[in-house]
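Close look at the chain arrangement
Chain by chain, the residues:
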Amino acid sequence: MRRLLSATVIYTILSFLQGFVSLLLQPVYTTYLSSSHYAVFSMMNNLSNLVAIFAALSIGNTFFTFYYDYQTDRAKLETFLGQLLSFSILVSAVVAVFLFLVGDVFFQQIFRDTAFQFYPYGCWAVLSGAVYTLIVPYVVLLRNDKNVATYAWFIITWV
């Protein structure tokens, strides 16, 4: 019971860590960044989140659902994880290439201000969103395998 309680506390704290750090950094951002720079930063975070959603169609989250179907057979579990990662890489690459080709045109049509440029800011946002789709299944694997130490190290490093 003690182990369950401690793991629950650790997972809960780690799940709120990124949002908490963002909240703590908000005064730093607004103090040291101009309003246009902060707007660019905020828009690129939103773009990164959209790319993460669309890039792999949230397929990495299926690992939550099907992990326990393969839990007893590690070889099948690793094969399933490999398939998810392969699909995520393929779809993320297609979305990234598409956005690299047309992203500048979209940005010029949507934003009249030259502060919002696809190159280099949008490129970094697209790459960040694509990489995030690749780590979701691994994070789920660590959490479901009850590998608390590696999970904590990974999440803290990501934050």
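All values reported here derive from a predicted model rather than from experimental measurement. (Residues numbered from 1 in each chain as written. Predicted model: local features only at pLDDT ≥ 70, side-chain atom pairs only at ≥ 80, totals over all residues. Heavy atoms only, no water.)

1. Regarding the confidence of the model for the protein
Regions with low pLDDT should not have their predicted coordinates read in detail. Chain-level pLDDT for the protein is 87 on average; 100% of the residues reach the 70-or-more range. Taken element by element, the protein is modelled with least confidence in helix α3 (residues 62–70), mean pLDDT 86, and with most confidence in helix α4 (residues 74–110), mean pLDDT 90. (pLDDT = per-residue confidence, 0-100. Helix = DSSP H or I, 4+ residues; strand = E, 2+ residues; numbered from the N terminus.)

2. Concerning the layout of surface pockets
Its volume calculated, the largest pocket comes out at about 660 Å³. Around the largest pocket sit 22 residues that line it, and Q18, S22, F41, N45 and S128 are the ones nearest its centre. Residue assignment for the lining of the largest pocket shows that the elements contributing at least two residues are α1 (2–32), α2 (35–55) and α5 (118–144). Considering every element that reaches the lining of the largest pocket, the biggest residue donor is α2, with nine residues. Residues of the lining of the largest pocket, tallied by class, amount to 14 nonpolar, eight polar and no charged. Taken as a whole, the second largest pocket spans an internal volume of roughly 480 Å³. For the second largest pocket, the lining is made up of 23 residues, of which N61, Y132, V136, V139 and R143 are closest to its centre. Looking at the lining of the second largest pocket, the elements with two or more residues in it are α1, α2, α5 and α6 (148–158). Sort the elements by how many residues they give to the lining of the second largest pocket and α5 lands first, with seven residues. (1 Å grid on protein atoms, 1.4 Å probe; cavity = no way out; pocket = protein on both sides within 12 Å on 5 of 7 lines; lining within 4 Å. Points joined across faces, edges and corners; volume = space filled by probe spheres on them. Nonpolar A, V, L, I, M, F, W, Y, C, P; charged D, E, K, R; others polar.)

3. As for the side chain of T133
Summarising the element assignment, T133 is placed in helix α5. When its relative accessible area of 5% is taken as the criterion, T133 is described as buried. At 2.5 Å, the side chain of T133 and the backbone oxygen of A130 are in polar contact. Ignoring any residue separated from it by four or fewer positions in sequence, one finds T133 in contact with V51, A52, A55, A56, S88 and S92. (Buried < 20%, exposed > 50% of the residue type's maximum accessible area, 1.4 Å probe, protein only. Polar contact = N/O pair within 3.5 Å; in protein donor to acceptor, adjacent residues only side chain to side chain. Contact = heavy atoms within 4.5 Å.)

4. Focus: the nonpolar core
Soluble globular proteins tend to pack their nonpolar side chains together in the buried interior. Ranked by internal contacts, the top residues of the largest apolar core, which has 14 residues, are M44, L47, V51, L99, F107, F118 and V126. Where this core is concerned, the elements lending two or more residues are α2, α4 and α5. In terms of residue count, α2 provides more of this core than any other element does, five residues in total. Setting aside residues up to four positions removed in sequence, F118 forms contacts with L99, F100, G103, D104, F107, C123 and V126. Counting residues in each nonpolar core, the second largest holds ten residues, with A7, L14, A152 and F154 among its members. (Core = buried A, V, L, I, M, F, W, Y, C linked by side-chain atoms within 4.5 Å.)

5. Quick look at the pattern of salt bridges
What the rule picks out here adds up to two salt bridges. Notably, a salt bridge pairs R74 with D145, separated by 2.9 Å at the nearest N-O pair. Taken together, the residues R74 in helix α4 and D145 in the loop between α5 and α6 connect sequence positions 71 residues apart. A relative accessible area of 29% means that D145 is categorised as partly exposed. (Salt bridge = Lys/Arg side-chain N within 4 Å of Asp/Glu carboxyl O.)

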